[in-house]
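For reference, the chains in residue letters:
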Amino acid sequence: MRAVLCGYYGLGNGGDEALLATLLQMLPPTVTPVVLSGNPVETAQRYGVEALPRKAIGPIMQALRGANVLILGGGSLLQDATSRQNPIYYAGLLVLAQWLGLKTIAWGQGIGPLNHRLSRGVGHYALSHCNAVSVRDSGSAAWLARWQVPGMQAPDPVWALEAVSVEGLWELPAPRVAVALRPHPWLTTARLEQFTQALVSFQKATQTCVLLVPFQPSKDLAIAEYIQPRLSGPSRIYALSDPRQLKGLFRGVEMTIAMRLHALIMAAAEGCRSFGLSYDPKVSHLMTDLDLPGVDLNPQSSGPRWPDSPEQMTTAWLHVYANGESPSPDQISSRIDRARMHQDLLRDILTSARD
């Protein structure tokens, strides 16, 4: 059996690479994956799979005609906050596969925001014709309920990703704190400067080693390189390309401060206490689900606001560092078990496709 896998793959985003790694981990061994990628050579080398350019119409059509299933594989694909092209591209692939007679699975999806009528229309149509749909949070489940599309909700699949140790990590001074920021209009120059001042004070107070973790180096690395020279204590930038190592990094960390959704998920899955910086509803949903402390960068948010001074932010982090609770082993085990429901869904549909 051949399955075409489509997502935001091969574009250097650690969270989306983690979703691909998890999907490949969860596929039955009888399935041969064909991955649509922004960098097919790199994807093929890293995962040992066949990979095609994600926007090459001819090869994609050929792959679909030779496949049994199309899997829309995880993440915030059906959303138009970054571009209206996203829902058109991903929903369009689902519809094309459906017209060609393939079974289609929308797997581990984070749906929304969908601000435009066209986005909502194509998203609704494509998902309503899928053989199975799974979503990762209550906000996405609400979209399915609104559209009357059957679907399953379970924790993000990356909870169940197998982690790999990072060589040399344990040789760095302990305790360690991970920081994962990303560019966003709400993370203004003034706020980044305030954040950096707060981190400098936090490090001095805790004597921690700061690990700056750019999940998407093409976008995040500049922020890490801005912060690191300001730190007086030990620090290191970790730009890891293997998503399993990226998750394994959090095994050696006492606390995580992050905007990136999958940094918070990986930290929680590895038993690390965290402080969230929400720029998107998906991060807010996770913070609510895990009862994580944090702030919302949206100036219009009714949630906890960005503090007025670096001192207030440092105080908030010190409270989490000293008194915060990491997820218990039972909580982690429960979420990993429920994340594997995405795997059960794959097996059910792929078995029926084979029969």
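Up top you'll find the structure we're talking about.
First, a word on scope: everything that follows refers to the structure included in this document. (Residues numbered from 1 in each chain as written. Predicted model: local features only at pLDDT ≥ 70, side-chain atom pairs only at ≥ 80, totals over all residues. Heavy atoms only, no water.)

What to know about the overall build of the chain
Helix and strand counts for the chain stand at 14 helices and 13 strands. Here the chain has a C-alpha radius of gyration of 20 Å; the compact-globule value for 355 residues is 20 Å, and the two agree. Burial analysis of the chain (355 residues in total) assigns 57% to the buried set. Put simply, 72% of the contacts in the chain that link residues at least 6 apart link residues at least 24 apart. For the chain, the exposed area adds up to about 14800 Å²; of that, 49% sits on carbon and sulfur atoms. Charge separation in the chain, taken as the distance between the mean sites of 30 positive and 28 negative side-chain charges, equals 6 Å. (Helix = DSSP H or I, 4+ residues; strand = E, 2+ residues; numbered from the N terminus. Rg over C-alpha atoms; globule rule 2.2 N^0.38 Å. Buried < 20%, exposed > 50% of the residue type's maximum accessible area, 1.4 Å probe, protein only. Contact = heavy atoms within 4.5 Å. Areas by Shrake-Rupley, 256 points an atom, 1.4 Å probe, with all protein chains shown as cover. Lys, Arg positive; Asp, Glu negative; His and termini not counted. Charge placed at Lys NZ, Arg CZ, Asp CG, Glu CD.)

With respect to the pairing of strand β11 (residues 255–258)
Both faces of β11 are covered, namely the face carrying Met 255 and Ile 257 and the face carrying Thr 256 and Ala 258. Two strands pair when backbone bridges link them, and strand β8 (residues 176–180) and β11 are joined in this way by 4 bridges, in the parallel orientation. Across the sheet, the residue bridging to Ala 180 is Ala 258, located in β11. As paired strands, β11 and strand β12 (residues 273–278) are joined by 4 bridges and run parallel to one another. The residue bridging Met 255 from the neighbouring strand is Arg 273, located in β12. In this fold, the crossover linking β11 to β12 by way of helix α10 (residues 261–269) has right-handed handedness. (Pairing = 2+ DSSP bridges. Right-handed = clockwise from strand over helix to strand, strands pointing away.)

With respect to helix α6 (residues 138–147)
Residues of α6 that are buried: Gly 139, Ser 140, Trp 143, Leu 144 and Trp 147. Down the axis of α6, the smallest arc covering the buried residues is 150°, so these residues share one side. Turned more than 90 degrees from where α6 packs its buried face, Ala 145 and Arg 146 sit exposed. Turning to α6, the residues buried within the fold contact β5 (103–109), α5 (117–128), β6 (132–135) and α11 (281–290). The opening residue of α6 is Asp 137, an N-cap whose side-chain oxygen sits 3.1 Å from the backbone nitrogen of Gly 139. (Arc of directions from axis to C-beta. Polar contact = N/O pair within 3.5 Å; in protein donor to acceptor, adjacent residues only side chain to side chain.)

Description of the packing of helix α1 (residues 14–26) against helix α2 (residues 40–47)
Their axes nearest at 12 Å, the elements α1 and α2 cross at an angle of 45°. By the angle class used here, α1 and α2 are oblique. For the pair α1 and α2, the sense of crossing is right-handed. Touching Glu 17, Leu 20, Ala 21 and Leu 24 of α1 are Thr 43, Arg 46 and Tyr 47, all from α2. Grouping the constituent residues of the contact of α1 with α2 by class yields 4 nonpolar, 1 polar and 2 charged. (Axes fitted to C-alpha atoms, helices over the stretch in contact; angles between N-to-C directions. Parallel < 35°, antiparallel > 145°, perpendicular 65-115°, else oblique. Left-handed = near helix turned anticlockwise from the far one by under 90°. Nonpolar A, V, L, I, M, F, W, Y, C, P; charged D, E, K, R; others polar.)

Side note on the nonpolar core
Formed by 92 residues in total, the largest nonpolar core has its most connected members in Leu 5, Ile 71, Phe 195, Leu 199, Ile 257, Leu 277 and Trp 317. Among the elements that make up this core, the one with the highest residue count is α10 (8 residues). Aside from chain neighbours lying at most four places away, what touches Phe 195 is Val 179, Leu 181, Ile 227, Ile 257, Leu 277, Trp 306, Met 313 and Trp 317. Ranked by size, the runner-up nonpolar core spans 33 residues in total, among them Ala 97, Leu 127, Cys 130 and Leu 144. (Core = buried A, V, L, I, M, F, W, Y, C linked by side-chain atoms within 4.5 Å.)

So, the layout of surface pockets
To find leftover empty space, a probe the size of one water molecule is rolled over the atoms. Of the pockets and cavities examined, the largest pocket occupies roughly 1100 Å³. In this structure, the largest pocket is lined by 47 residues; those nearest its centre are Ser 76, Gln 79, Thr 82, Arg 182 and Lys 282. Here the lining of the largest pocket is built from residues that sort into 16 nonpolar, 20 polar and 11 charged. (1 Å grid on protein atoms, 1.4 Å probe; cavity = no way out; pocket = protein on both sides within 12 Å on 5 of 7 lines; lining within 4 Å. Points joined across faces, edges and corners; volume = space filled by probe spheres on them.)

Things to note about empty space enclosed by the protein
Counted under the stated rule, the structure contains 1 cavity of 30 Å³ or more. Of the volumes computed, that of the largest cavity is approximately 50 Å³. Along the walls of the largest cavity sit Val 179, Ala 180, Leu 181, Leu 212, Val 213, Pro 214, Asp 220, Ile 223, Ala 224 and Ile 227, which together make up its complete lining. The set of elements that each furnish at least two residues to the lining of the largest cavity consists of β8 and α8 (217–227). Among the elements that make up the lining of the largest cavity, the one with the highest residue count is α8 (4 residues). Partitioning the lining of the largest cavity into residue classes produces 9 nonpolar, no polar and 1 charged.

Here's the deal with helix α13 (residues 329–339)
Residues spaced three or four apart along an α-helix point in a common direction, a consequence of the helix completing one turn every 3.6 residues. For α13, the complete set of buried residues consists of Ile 332, Arg 335, Ile 336 and Ala 339. An end-on view of α13 places all buried positions within 100° of arc, on one side of the element.

As for the packing of aromatic side chains
Enumeration according to the criterion identifies 6 aromatic pairs in this entry. Judged by centre distance (5.3 Å) and plane angle (50°), the ring pair of Trp 143 and Trp 147 falls under tilted. In this pair, Trp 143 and Trp 147 both sit in helix α6, 4 residues apart, roughly one turn of the helix. Of the two residues, Trp 143 and Trp 147, neither departs from the other in class, the shared state being buried. Both rings, one in Phe 195 and one in Trp 317, keep their centres 5.0 Å apart while their planes meet at 70°; by these two values the pair is edge-to-face. Residue Phe 195 is found in helix α7 (residues 189–206), and its partner Trp 317 is found in helix α12 (residues 310–323); the two are separated by 122 residues along the sequence. (Phe/Tyr/Trp six-rings, centres within 6.5 Å; stacked < 30°, edge-to-face > 60°.)

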